[in-house]
Every structure is written in C-alpha cells, then in structure tokens.
Amino acid sequence: MPKKLLLLPPLNPHSAFRAPRAHPAAPPAMNAARTGYRVFSANSTAACTELAKRITERLGAELGKSVVYQETNGETRVEIKESVRGQDIFIIQTIPRDVNTAVMELLIMAYALKTSCARNIIGVIPYFPYSKQSKMRKRGSIVCKLLASMLAKAGLTHIITMDLHQKEIQGFFSFPVDNLRASPFLLQYIQEEIPNYRNAVIVAKSPDAAKRAQSYAERLRLGLAVIHGEAQCTELDMDDGRHSPPMVKNATVHPGLELPLMMAKEKPPITVVGDVGGRIAIIVDDIIDDVESFVAAAEILKERGAYKIYVMATHGILSAEAPRLIEESSIDEVVVTNTVPHEIQKLQCPKIKTVDISLILSEAIRRIHNGESMAYLFRNITVDD
C-alpha cells in the first residue's frame, strides 16, 4: 500500500519566521565599579599634598593633574588639567593655618569639576573647618551651617571627614556625610608605643570630654579621672542667643511680668576626680589648638602625683605659640594624627608625634567608589568615640 505524503500548508508570505526574543542583559552587580575615579588635591603646597600622596599610594592610583595657586591680587585660581567627564572625583583638602584660603580652594575646585561634568564629587576633609562655630552666639551666626550650604552649592555630593567637633554637624548637610573615627589608631599607639601603659589612667581635662575619656578607658581596661574646677573654661559657659540682648539698667518691664532670677554660675575649686598618683596620665580630646588648658591640666596632674603625661588628640592644629608652650611644660608627649599638616610645629617641638590615618581614608574612598558598605569602618564604634 503506497505511503501517504503529509502535505504542509503553504507558508503565508506575510507571516515570516521570527527568532526567539533575546532577553535583556542582566544588570551589573551592585559592587561593580560603574565609572572610573580620580583623586585630586585642592592645595598645591607640599605640606598639604603629603596626605593626598599617601592616600593615592595606598589606592595604587596617581594624583589628578591640577594647578591651584593664588593670583597677585590674592584671588584663588584652579585649573583642571585632565578630563573628568563621567568619573567619581575625590578632592582631598587638608586645612592649614590659612583656613579661609583653603575653603575657597575647595569651593572653586568643586565648582570647576562640576562644570567639567564629573559624575560625583566627594570631598575628603579630614578636619572640617569652622566646626567649633556650630552653635548660636548672641547676635552671631552658625558658620558651620553656612559652610555646609556653600559646599553643596559648589557641587559636592558627599563628604568624608573625621571626628567632627559636634556630631550633630552632620545634620547641616543635604548630602551624605561619613564621620570616620581616629580612636582605633590612637588606641593602637597607646598599646604599642607607651611603655607600661597598664599603669596608666585616662584623663578628661574637663567634664565635657568625660564621655570620650570613658570610651578610651573602657576599651583599654584602665581607670578614669576627670579634672573639674574654676580653671576650666568650656564652650558651654559662653553666652548663646538665649541670653541676648544683655540686661539694661532701668529697663521697662511689662506690668505683672516677673521671671524667676537665674543664679550666676560659680565653679568649685579645681579638683581631680580619680586617682592619678604614681600613674601615667593620658589626656584625650578631639582637638588641640590653644594648649594653655592642656598645660594647666598637666601641671595639676603633676601635683597630684602623675609621673608621666601624654596628650592625645585627633586634630593637631597647634596654633600660635603652642610648640613653645608644650616644650616648656610638664607634658612628655603630644600625639596627634595627620588630619592637619603640622610639620613646622614638629620641628619646633620634638615632643609632638604623628599617627598616620591615610589607611582608613583610602579604604573609605575605595568603598564609596565601588558602592560597598561602610559598616566595616565603623565596627565597634560608639557615639562617644
């Protein structure tokens, strides 16, 4: 029996064969680097570019090509010498003694990068200037808030800083702020460089610094001492806007309005709460600028029996006659980080020692560029650190 042939219907010329639809490519991983990045220094002086060079060496990158200089009339000029289009740009700005010039350099460079179509502009400002002017003083202004607004207007999209004087300053910004901590590096210095540190006591030179000192003492399993008395003058004692305007004699008072009289403050005689006799005293703070209060604290601790005195702080501004006063004082050693250039002060006073914090700054840059979490840099860090 002959086989029947299976006849297929003729192809419709209007219904062409269609290949399977290709699925869109999977999006790149979250941690993949989307663009390139460059690191610039907003100051061209050797002392200020030292930290930037240390950071780029750890990153295995080259410092971006730019020129920052002052015109003969005092104006700041910034020239970017390479393309930054579509890249993540990190501006490292250390704050020398001329604070206002450093601020203008940072603002002008950020704006130059913004107009050059940089993708993101991240400011690496280890010591944030004007951080002490974060509260209202009579008819003054909160300058730190003003600076935050200026940086945002100039084009910054992120800031990396270290040990803000007041942690609430982060709320002044309209973009993310990573407030890193230098305490792990200073704690490591105590353990490795101070002989017999187990016989030490952590000292707060005023009640305001007690929380920071307590954090150090708990991590090192050491005792705590606090200096309190009339020799201390803290920011909390300064008048703020609520005391303005000042009292005027024969001022007219609304009939029937009698407010309770606020008693004036009177500090007790200076005392040291805690035992420092026969111990190593380690005074900790966030900023050491005018050193008179540290020198006075060292004298008191010597009188109470401390046989060696260290001062440790994150930011060593050391302005005015600080090196001479330290050299002539009872302080044995001042340990600060390199968030602020202080090479000249070290030449004037061999008691000043430096701890390098470029490692944590370079790691922060790498993680931000790659979109990685910053949690690792804040492990075991508390609010008081």
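Scroll up to find the structure this text is about.
Thresholds, definitions, all that
- Residues numbered from 1 in each chain as written.
- Predicted model: local features only at pLDDT ≥ 70, side-chain atom pairs only at ≥ 80, totals over all residues.
- Heavy atoms only, no water.
- Helix = DSSP H or I, 4+ residues; strand = E, 2+ residues; numbered from the N terminus.
- Buried < 20%, exposed > 50% of the residue type's maximum accessible area, 1.4 Å probe, protein only.
- Contact = heavy atoms within 4.5 Å.
- Areas by Shrake-Rupley, 256 points an atom, 1.4 Å probe, with all protein chains shown as cover.
- 1 Å grid on protein atoms, 1.4 Å probe; cavity = no way out; pocket = protein on both sides within 12 Å on 5 of 7 lines; lining within 4 Å.
- Points joined across faces, edges and corners; volume = space filled by probe spheres on them.
- Nonpolar A, V, L, I, M, F, W, Y, C, P; charged D, E, K, R; others polar.
- Axes fitted to C-alpha atoms, helices over the stretch in contact; angles between N-to-C directions.
- Parallel < 35°, antiparallel > 145°, perpendicular 65-115°, else oblique.
- Left-handed = near helix turned anticlockwise from the far one by under 90°.
- Pairing = 2+ DSSP bridges.
- Phe/Tyr/Trp six-rings, centres within 6.5 Å; stacked < 30°, edge-to-face > 60°.
- Polar contact = N/O pair within 3.5 Å; in protein donor to acceptor, adjacent residues only side chain to side chain.

On to the overall build of the chain. Check the secondary structure of the chain and you find nine helices and 14 strands. Buried residues in the chain amount to 44% of all 385 residues. Pairs at least 24 apart in sequence give 70% of the contacts found in the chain among residues at least 6 apart. Summed over its atoms, the accessible surface of the chain is roughly 22000 Å², and 56% of this surface lies on carbon and sulfur atoms.

As a further point, take empty space enclosed by the protein. Scanning the model with the defined rule gives one cavity of 30 Å³ or more in all. Considering only enclosed or pocket space, the largest cavity measures out at about 40 Å³ in volume. Lining the largest cavity we find I95, A102, V103, L106, F128, P129, L147 and L151. Among the elements of the structure, α2 (99–115) and α3 (143–154) are those that each provide at least two residues to the lining of the largest cavity. With three residues, α2 is the largest single contributor of residues to the lining of the largest cavity. In terms of residue class, the lining of the largest cavity is made up of eight nonpolar, no polar and no charged.

Time to look at the packing of helix α4 (residues 183–193) against helix α5 (residues 210–220). Two elements in contact, α4 and α5, have axes whose closest approach is 11 Å; the angle formed by their N-to-C orientations is 50 degrees. In terms of orientation, α4 lies oblique with respect to α5. Where α4 crosses over α5, the two elements pack in a sense that is right-handed. Counted together, S183, L186, L187, I190 and Q191 of α4 and Y216, R219 and L220 of α5 form the full contact between these two elements. Per-class residue counts for the contact of α4 with α5 are five nonpolar, two polar and one charged.

To continue, consider the sheet that holds strand β1 (residues 37–41). Read from one edge of the open sheet, five strands run β1-β4-β5-β6-β7, paired in parallel fashion. Taken across any chain shown, the strands that pair with only one partner, and hence form the sheet edges, are β1 and β7 (177–180). Within the sheet, the average angular offset between the axes of one strand and its neighbour, ignoring direction, is 15 degrees. Bridge count between strand β6 (residues 158–162) and β7: four bridges; the pairing is parallel. Looking at the pairing, I159 lines up with V177 of β7. Against the sheet, α2 contacts β1, β4 (88–92) and β5 (120–125), and its axis sits at roughly 170 degrees relative to β4. Contacting β1, β4, β5, β6 and β7, helix α9 (residues 358–370) crosses the sheet at an angle of about 160 degrees to β6.

As enumerated under the stated definition, the model contains three aromatic pairs in all. Summarising the aromatic geometry, the rings of Y37 and F90 are spaced 6.2 Å apart at their centres and angled 85 degrees between planes, so their arrangement reads as edge-to-face. Taken as a pair, Y37 in strand β1 and F90 in strand β4 lie far apart in primary sequence, 53 residues in all. Judged by its relative accessible area of 24%, Y37 is partly exposed. According to the relative accessible area criterion, F90 is buried, its value standing at 0%. Ring centres of F128 and F173 lie 5.5 Å apart, and the angle between their planes is 75 degrees; on these two criteria the pair is classed as edge-to-face.

A few words on the environment of K205. Note on placement: K205 falls in the loop between β8 (200–204) and α5. Separated by 77 residues in sequence, K205 and I282 place their C-alpha atoms 10.0 Å apart. Engagement of the side chain of K205 in a polar contact is seen with the side chain of S293, the distance being 3.4 Å.

Time to look at the sheet that holds strand β13 (residues 333–337). Taken in spatial order, the seven strands make up an open sheet running β10-β9-β8-β11-β12-β13-β14, and their pairing is mixed. The strands lining the two open edges of the sheet, one partner per strand, are β10 (271–273) and β14 (352–355). The sheet shows a mean angle of 25 degrees between the axes of neighbouring strands, direction not considered. Of the pairings in the sheet, the one linking strand β9 (residues 223–228) to β10 comprises three bridges and is antiparallel in character. Looking at the pairing, H228 lines up with T271 of β10. The strands that α5 touches are β8, β9 and β11 (280–288); relative to β8, the one it contacts most, it runs at about 165 degrees.

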